[in-house]
Amino acid sequence: GPKVLQIPSHQIIDMGQMVTLNCDPVSNHLYFYWYKQILGQQMEFLVNFYNGKVMEKSKLFKDQFSVERPDGSYFTLKIQPTALEDSAVYFCASSSPAEQFFGPGTRLTVL
Amino acid sequence: GQQVQQSPASLVLQEGENAELQCNFSTSLNSMQWFYQRPGGSLVSLFYNPSGTKHSGRLTSTTVIKERRSSLHISSSQTTDSGTYLCALERDTNTGKLTFGDGTVLTVKP
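Being a predicted model, the structure only gives us computed values, none of them experimental. (Residues numbered from 1 in each chain as written. Chains lettered and ligands numbered in written order. Predicted model: local features only at pLDDT ≥ 70, side-chain atom pairs only at ≥ 80, totals over all residues. Heavy atoms only, no water.)

Visitor: Before we go on, may I ask you to explain the state of the cysteines in this structure?
Guide: Put plainly, two cysteines are in a disulfide when a covalent bond ties their sulfur atoms together. Residues and elements named next belong to chain A. Tallied over the entire structure, the rule returns two disulfides over all chains. There is a disulfide in this structure between Cys23 and Cys92, and the S-S distance comes to 1.8 Å. What sets the handedness of the Cys23 and Cys92 disulfide is the S-S torsion sign, and at about -65° it is left-handed. You can see Cys23 sitting in strand E3 (residues 19–24) and its partner Cys92 sitting in strand E9 (residues 88–95), a full 69 residues away along the chain. (Disulfide = S-S within 2.5 Å. Helix = DSSP H or I, 4+ residues; strand = E, 2+ residues; numbered from the N terminus.)

Visitor: In this structure, what is going on with the pattern of salt bridges? I would like to understand it.
Guide: A side chain of one charge can pair with a side chain of the opposite charge when the charged atoms of the two come close. Throughout the structure, instances matching the rule amount to five salt bridges over all chains. In this structure, Glu56 of chain A engages Lys97 of chain B in a salt bridge whose closest nitrogen and oxygen atoms are separated by 4.0 Å. Of this pair, Glu56 of chain A sits in strand E6 (residues 53–57) while Lys97 of chain B sits in the loop between strand E9 (83–90) and strand E10 (98–100), placing the two residues on different chains. Take Glu56 of chain A: its relative accessible area is 23%, and that puts it in the partly exposed class. Salt bridges sharing partners connect three or more residues here, namely Lys62, Glu85 and Asp86 of chain A. (Salt bridge = Lys/Arg side-chain N within 4 Å of Asp/Glu carboxyl O. Buried < 20%, exposed > 50% of the residue type's maximum accessible area, 1.4 Å probe, protein only.)

Visitor: What is the right way to look at the environment of Pro8 of chain A in this model?
Guide: Residue and element names in this part refer to chain A. Turning to its location among the elements, Pro8 is positioned in the loop between strand E1 (5–7) and strand E2 (10–13). In the structure, Pro8 is positioned 57 residues away from Phe65 in sequence and 18 Å away in space, judged by C-alpha atoms. Once residues within four sequence positions are removed from consideration, Pro8 is found in contact with Gly105 and Thr106. (Contact = heavy atoms within 4.5 Å.)

Dropping the structure here:
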């Protein structure tokens, strides 16, 4: 099926640092999403993004989080500053607009 | 309460047996999607199935909106089918947000 890429696959950072997670969505998709999965727990919605704007965000999408897709490049999730509870696997997804396709995830470890 | 409930939580089969995985939801539905989550964590979309029955190889998905349920049937299971199966619904708010169930962990023994 259509491929969504995520870079990096793993990221280890110290608490308080900034981190940017990158997503290369399916080329003709217009809707973009971030989800968070803590090890062994449920996949949870963070935010969705369309036409340069956040459409909906969950309670997990804290003020320290931001998303953007400048000039049709990577769709990014930035966390600044990071906290210990941000450790999780972050999945990016895209759709056009129905079926969502997911990337392999970025495993973020905050020390 | 939880909007999406999956059952069973875990299932162990002998290779060749069939499996029926259930997803029940308590809210109105715009779409239903089934995913396979590999042991390494990546997700594969199996079905986008807002209603009715769809087939793909040994897999069949049936969504009955009036009964607020969706099922995934795996026939002639193989050891490579082992992993976690997730259902996710998009509510009729049409924002694209998916709400996931807790998943069914399937183990197929040789």
